[in-house]
Amino acid sequence: MATYLATALKRLVLTQPAGLAAAVRHLPAAASLHTAGGPLAKNWNGHNAGPQRWLQYNKVIYPPQQPDEPARPAYVCHQKTNIKYSPKKMWYVASFVRGMTVDEAVRQLSFVDKKGASYVKEAILEAVELAVKRHNVEYRTNLWVAESFCGKGRVFKGMRRHARGRTGEVEYKHCHYFVRLEEGTPPAHYYPAAPKTGEQQLAEWEEAMRKRKVTGSL
């Protein structure tokens, strides 16, 4: 990434009349490596610039609410694309922070000894800044992780040497991480309770039968 920025600066300084001013003006676009549609996306695959639909939820405009309706909580969607990490490994980290407040999620991720924890922590902090600066969220600590999941990204295939002159195929996998922060207090139990077993349902039915009362009896 540093080599790419240095090359871009040299080209802008040599070609643009404004020189350094033009180079500085193009720096924010060049620095967004993990944003869908970045400058490196089409260099890797001209027909696929990465996931685009998740960020469109930030542009949804809702109708005005009635005075008696409860306030609609604010939310913000953010993503990191083309992370050099397996999606199967990222799933454990993504599911770990669901239902946590942003402060608790950042605190817990600081002690998770996995490579994906640093990417998830960075994405949550970026989403918090986005919520405060662009979505009018007053208190940055009043946010919780409503959705956190990952998806499969690009897969580069390479060749690995084996014994006796043979070769094998190796896959270099990438993943996309998606997070949605919502304003308010997180639920006490994010995941629904496990379904009742047959023995538990039978016990509840027997208890209900014992408590019933025959109409018109003494």
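For the structure given in this document, a descriptive report is provided here. A quick note: this is a predicted structure, and the numbers were derived from the prediction, not measured.

### Section: the pairing of strand β2 (residues 143-161)
At step 1: Judged from the 16 bridges that link them, β2 and strand β3 (residues 167-183) form a sheet pairing that is antiparallel. Within β3, the position partnered with M159 by the bridge is E169.
At step 2: Linking β2 to β3, which pair antiparallel, is a turn of five residues; within it R164 sits at a positive phi near 60°.

### Observations concerning the nonpolar core
Proteins that are soluble and globular tend to have nonpolar side chains buried together.
At step 1: Counting 29 residues, the largest nonpolar core has M90, V120, I124, Y177 and L181 as its most contacted members.
At step 2: If you list the elements that add at least two residues to this core, you get β1 (75-83), α4 (87-96), α5 (102-109), α6 (115-134), β2 and β3.
At step 3: Broken down by element, the residue count for this core peaks at nine residues, all from α6.
At step 4: In this structure L181 touches A74, Y75, V76, V102, I124, A127, V128, L143, W144 and V145, once residues within four positions along its chain are discounted.

### Remarks on the packing of aromatic side chains
At step 1: Summed over the entire model, instances satisfying the criterion amount to seven aromatic pairs.
At step 2: On the basis of an interplanar angle of 85° and a centroid distance of 5.2 Å, the ring pair of W54 and F149 is categorised as edge-to-face. You can see W54 sitting in the loop between α3 (41-44) and β1 and its partner F149 sitting in strand β2, a full 95 residues away along the chain.
At step 3: Relative to F178, the ring of W54 lies with its centre 6.0 Å away and its plane at 70°, an arrangement referred to as edge-to-face.

### Section: the sheet that holds β1
At step 1: Taken together, three strands build an open sheet; the order of strands is β1-β3-β2 and the sheet is antiparallel. In this open sheet, the two strands that pair with only one neighbour each are β1 and β2. For this sheet, the mean angle separating the axes of adjacent strands, direction not counted, is 10°.
At step 2: Of the strands in this sheet, β1, β2 and β3 are in contact with α6, which crosses β1 at around 145°.

Reading guide: rules and limits
Residues numbered from 1 in each chain as written. Predicted model: local features only at pLDDT ≥ 70, side-chain atom pairs only at ≥ 80, totals over all residues. Heavy atoms only, no water. Pairing = 2+ DSSP bridges. Helix = DSSP H or I, 4+ residues; strand = E, 2+ residues; numbered from the N terminus. Core = buried A, V, L, I, M, F, W, Y, C linked by side-chain atoms within 4.5 Å. Buried < 20%, exposed > 50% of the residue type's maximum accessible area, 1.4 Å probe, protein only. Contact = heavy atoms within 4.5 Å. Phe/Tyr/Trp six-rings, centres within 6.5 Å; stacked < 30°, edge-to-face > 60°. Axes fitted to C-alpha atoms, helices over the stretch in contact; angles between N-to-C directions.

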